[in-house]
Number of protein chains: 2
Amino acid sequence: MADKNIQLISTISEDNKLTIALQNIDMPKPGADEVVIRIEAAPLNPSDLAVMFSAADMTTAKQSGTEQHPVITADVPAKAMSAVKTRVGKAVSVGNEGAGTVIAAGTSAGAQALLGKTVAVIGGGTYRQYLCAKVQSCLALKDGTTAKQGASSFVNPLTALAMVETMRAEGHKAIIHAAAASNLGQMLNRICIADGIDLINIVRKSEQETLLRDMGAKYVVNSSKESFLADLTAAIIETGATIAFDPIGGGQLTSDILNCMETAASRNMKEHSVYGSDTFKQVYIYGALNRGPITLHRNFGFAWGVNGFLLFNALSKLGTKTVMAMRKRVADEITTTFASHYTHEVSLAEVLHLKSLAAYSKQATGEKYLITPQR
Amino acid sequence: MADKNIQLISTISEDNKLTIALQNIDMPKPGADEVVIRIEAAPLNPSDLAVMFSAADMTTAKQSGTEQHPVITADVPAKAMSAVKTRVGKAVSVGNEGAGTVIAAGTSAGAQALLGKTVAVIGGGTYRQYLCAKVQSCLALKDGTTAKQGASSFVNPLTALAMVETMRAEGHKAIIHAAAASNLGQMLNRICIADGIDLINIVRKSEQETLLRDMGAKYVVNSSKESFLADLTAAIIETGATIAFDPIGGGQLTSDILNCMETAASRNMKEHSVYGSDTFKQVYIYGALNRGPITLHRNFGFAWGVNGFLLFNALSKLGTKTVMAMRKRVADEITTTFASHYTHEVSLAEVLHLKSLAAYSKQATGEKYLITPQR
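Residues numbered from 1 in each chain as written. Chains lettered and ligands numbered in written order. Predicted model: local features only at pLDDT ≥ 70, side-chain atom pairs only at ≥ 80, totals over all residues. Heavy atoms only, no water.

Colleague: Sorry, what's going on with the packing of aromatic side chains here?
Modeller: Given two aromatic rings, their pairing is described by the distance between the two centres and the angle made by the two planes. Residues and elements named next belong to chain A. The final tally for this structure, using the stated rule, is 14 aromatic pairs over all chains. Judged by centre distance (5.2 Å) and plane angle (75 degrees), the rings of phenylalanine 245 and phenylalanine 309 are edge-to-face. Note that phenylalanine 245 is positioned in strand S14 (residues 243-246) and phenylalanine 309 in the loop between strand S18 (304-308) and helix H9 (311-318), a separation of 64 residues in sequence. For phenylalanine 245, a relative accessible area of 0% gives the class buried. By the ring-pair criterion, three or more aromatic residues cluster together here, those being Phe53, Tyr360 and Tyr369. (Phe/Tyr/Trp six-rings, centres within 6.5 Å; stacked < 30°, edge-to-face > 60°. Helix = DSSP H or I, 4+ residues; strand = E, 2+ residues; numbered from the N terminus. Buried < 20%, exposed > 50% of the residue type's maximum accessible area, 1.4 Å probe, protein only.)

Set out below in structure tokens:
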């Protein structure tokens, strides 16, 4: 067993500075119901960037240190400090998920059963070489699945499945998804095709439209087109979609979606009502790709909801039985339905190279970075 | 029995004109489970103005006709016509509620039991002299209650009670109310005092602050003060309020409320989370006093909901048993907890005098108009 361990940490200091660096840490020893995983692959998700960059203004980012031990520093605007005061002075581990090989296991039967297996893991700072994790945070991958294939087994797959299960639980019959060409969006598209659910994909570029259509998507509307609102309304009329998931938030897409749903719902109303249609319209905002204000131009009556959507909250609403079935499906279909596609692989040190940082922090659709901490 | 009947109607014509006028109609004959009510008092609620004015630009309003049969006309902007197309060419009755004496009754026991009684009534165009209504739309007032006292037995009382019951049903423990000096707000204040519920009243003028404090309100915050956000946050910390009701909608008050709730919820968090606190924060928007966009500046994490709130939808969620108890409470306490205060009384014709129209359409807090159709 190796005796060196490295993790990536993000620290905000009292003097308004963010520092991201590598840190030498001890090799962990597993407790009874824990395992030690040699992390071989971990994705850079938007939620990881939010932890890593926090409130810093990354246009001020500078690289120092050495090639092997680079250090990124950036300024945190003074007015943003109060919002992050609980993390000031703390070295925060980064990385929500990843996968690797279990190289040590605690004494419990559950832990021992994982020894030598390739597992995916959720939570606790996966941007490191060796991670100690609870058995229940691990998902044993099927024989033949590689760590790279399993690196994104939780965040995107469970989020996509949680959207479908939330649609079912709340009585809707079709889904609208924004920023739909993302890895998550492609997954949702595959799930909906497999399960026979109508999915309206909203994208903003014609190449994303093509990508999704080539993957079998039936409804793709392009928000950059002049006909966008008419196209979206037509798709809603055809599918009956009354629930949407939007990772953007800022701007007026949520508003547009609600207004198109209302146009569709009210088109056959015989009596005019100042309260709008009775059809309940729901948008869940699950990200903040646009951090600007959410602007709602309210021509959608009174039967509507806009809610934040967070995976862990959604899972606890759906309940253990549904969640266990979701996890099993992910393990079974990780190389098909839930396959992730990475465009770049970087070492832990390369995460802190200004050049790659500038690239992955764009969060461009179709670009996705994978960290391989053993390089 | 009188043989003349008059109602107030609102009509939008193909050529983008709104006309509000009085119309002679037949005296109604009650069906088996119906009664005919001589309407003696009916309030002018914001929801009635929405039906009466619809999409018209009331700054263009003109009065014609005679003193006794005035006619109001106004322009409907061309771009607003499609939103109201289902009412074009139809004479729409106005008036959501009112009260009066039952002067004729159908054959059912329920109808006969109301004969001669003073009742409040919901729905169906109460801005008329004689209204035929279903027994279940009537609330028999207690002996000694006048029609004027009972005129507002439904919209405000049930809305205020529905807020409290929604708070209970959804597991919150204190309420925030915006535009809190309104008739509805004063009612909610009385209910919350009676039921021992902490209520944070948001107002925008110091005289409204005084008014509510004189009525026993413990928490009143003034949104015009520089200290508003700090004051609101302090009140939330003290009460634990996580649900708010806002009749304004447009602007950023909803956003401010959510952000203050989040500040209160996260103040004791030991670990920083990019997703914000776990405390679920809810704002219900139940009006459109500001028709501009709702702007949400999202510093309130992911555990939040903003929903439209409409009395009838809320009642159907709460269920029949709760609603029956609410109606009984209204009848029992209509001269105390649910008392409405009117500053002006107008006849049906006077509703169509430009001078009164200009006054009641302001919807100024503290000003409230009552129609007395028998004058």
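Back to the write-up after that little detour.
Colleague: Just to check I follow, could you spell out the domain arrangement of chain A for this structure?
Modeller: One frequent convention defines the size of an interface as the accessible area lost when the parts assemble. All names here are of chain A. Here chain A is described as being made up of domain 1 (5-152 + 340-371) and domain 2 (156-316). The C-alpha-based centres of domain 1 and domain 2 are spaced at 31 Å. Contact with domain 1, which involves eight residues of that partner, is made by nine residues of domain 2. Note on domain 1 versus domain 2: buried area summed over both sides is about 680 Å², and carbon and sulfur give 46% of it. For the pair domain 1 and domain 2, the number of links is zero salt bridges. Grouping the constituent residues of the side of domain 1 that touches domain 2 by class yields one nonpolar, five polar and two charged. (Domains from an automatic or database assignment. Contact = heavy atoms within 4.5 Å. Buried area = accessible area lost by both parts, 1.4 Å probe. Salt bridge = Lys/Arg side-chain N within 4 Å of Asp/Glu carboxyl O. Nonpolar A, V, L, I, M, F, W, Y, C, P; charged D, E, K, R; others polar.)

Colleague: Explanation requested: the sheet that holds strand S17 (residues 290-296) of chain B in the structure shown.
Modeller: In a beta sheet, neighbouring strands pair by backbone hydrogen bonds and run either parallel or antiparallel. Pairing is mixed in the open sheet, where four strands are placed in the order S15(A)-S17(A)-S17(B)-S15(B). Strands at the two margins of the open sheet, each flanked by one partner only, are strand S15 (249-251) of chain A together with strand S15 (249-251) of chain B. Here the average twist between neighbouring strands, direction ignored, is 55 degrees. Note: strand S17 (residues 290-296) of chain A against S17 of chain B, three bridges, orientation antiparallel. What sits directly across from isoleucine 294 of chain A, in S17 of chain B, is leucine 296 of chain B. (Pairing = 2+ DSSP bridges. Axes fitted to C-alpha atoms, helices over the stretch in contact; angles between N-to-C directions.)

Colleague: Would you mind going over the environment of alanine 74 of chain A with me for this structure?
Modeller: Residue and element names in this part refer to chain A. With respect to the helices and strands, the residue alanine 74 is situated in strand S5 (residues 70-75). Sequence separation between alanine 74 and asparagine 16 is 58 residues; the distance between their C-alpha atoms is 8.7 Å. If we skip the residues at most four places from it in the chain, alanine 74 touches Asn16, Lys17, Leu18, Ala56, Asp57, Met58, Thr60 and Ala61.

Colleague: Where do I start with the nonpolar core in this structure?
Modeller: The nonpolar side chains of a soluble globular protein tend to be buried with one another. By size, the foremost hydrophobic cluster in this structure holds 52 residues, and its most contacted members are Ile176 and Leu232 of chain A together with Ile176 and Leu232 of chain B. Excluding residues that lie within four positions of it along the chain, leucine 232 of chain A makes contacts with Ile176, Ile200, Ile202, Val221, Ile257 and Cys260 of chain A. Core analysis: the next-biggest nonpolar cluster, separate from the first, contains 47 residues, Met81, Val88, Ala133 and Val351 of chain A among them. (Core = buried A, V, L, I, M, F, W, Y, C linked by side-chain atoms within 4.5 Å.)

Colleague: Just checking my understanding: could you explain the relation of the copies chain A and chain B for this structure?
Modeller: One copy of the chain maps onto the other through a rotation about an axis followed by a shift along the same axis. Superposing chain A onto chain B takes a rotation of 180 degrees combined with a translation of 0.0 Å along the rotation axis, leaving an RMSD of 0.0 Å. Taken together, the rotation and translation describe the operation of a two-fold axis. Most of the interface of chain A is mirrored in chain B, where 100% of its interface residues again form contacts. (Least-squares fit on C-alpha atoms with pLDDT ≥ 70 in both.)

Colleague: Please explain the packing of helix H4 (residues 155-169) of chain B against helix H9 (residues 311-318) of chain B as it appears in this structure.
Modeller: Think of two packed helices as two axes; the pair is described by the angle between the axes and how far apart they sit. Residue and element names in this part refer to chain B. At a minimum axis separation of 10 Å, H4 and H9 run at an interaxial angle of 45 degrees. When the axis of H4 is compared with that of H9, the two are oblique. When the axes of H4 and H9 are compared, the crossing they make is left-handed. For the pair H4 and H9, the contacting residues are Val155, Leu158, Thr159, Ala162, Glu165, Thr166 and Ala169 in the first and Leu311, Ala314, Leu315 and Leu318 in the second. Taken together, the residues that form the contact of H4 with H9 break down as eight nonpolar, two polar and one charged. (Parallel < 35°, antiparallel > 145°, perpendicular 65-115°, else oblique. Left-handed = near helix turned anticlockwise from the far one by under 90°.)

Colleague: Looking at this structure, how should I read the interface of chain A and chain B?
Modeller: Facing 40 residues of chain A, the contacting portion of chain B comprises 40 residues. When the buried area of chain A at its contact with chain B is split by residue, His272, Arg298 and Phe302 of chain A rank highest and sum to 21% of it. Linking chain A to chain B there are ten residue pairs in polar contact (both at pLDDT 80 or more). Among the secondary structure elements, those contributing two or more residues to the side of chain A that touches chain B are helix H1 (46-53), S15, S17 and S18 of chain A. Considering only residue class, the side of chain A that touches chain B consists of 21 nonpolar, 14 polar and five charged. (Polar contact = N/O pair within 3.5 Å; in protein donor to acceptor, adjacent residues only side chain to side chain.)

Colleague: Would you mind going over the sheet that holds strand S2 (residues 17-25) of chain A with me for this structure?
Modeller: All names here are of chain A. If you walk across this open sheet you meet the five strands as S4-S5-S2-S1-S6, and the pairing is antiparallel. Edge strands, defined here as strands with exactly one partner in the open sheet, are strand S4 (57-65) and strand S6 (92-93). Bridge count between strand S1 (residues 5-13) and S6: two bridges; the pairing is antiparallel. For isoleucine 9, the partnering residue across the bridge sits in S6 and is serine 93. H1 rests against S1, S2, S4 and S6 of the sheet, and its axis sits at about 105 degrees to S2.

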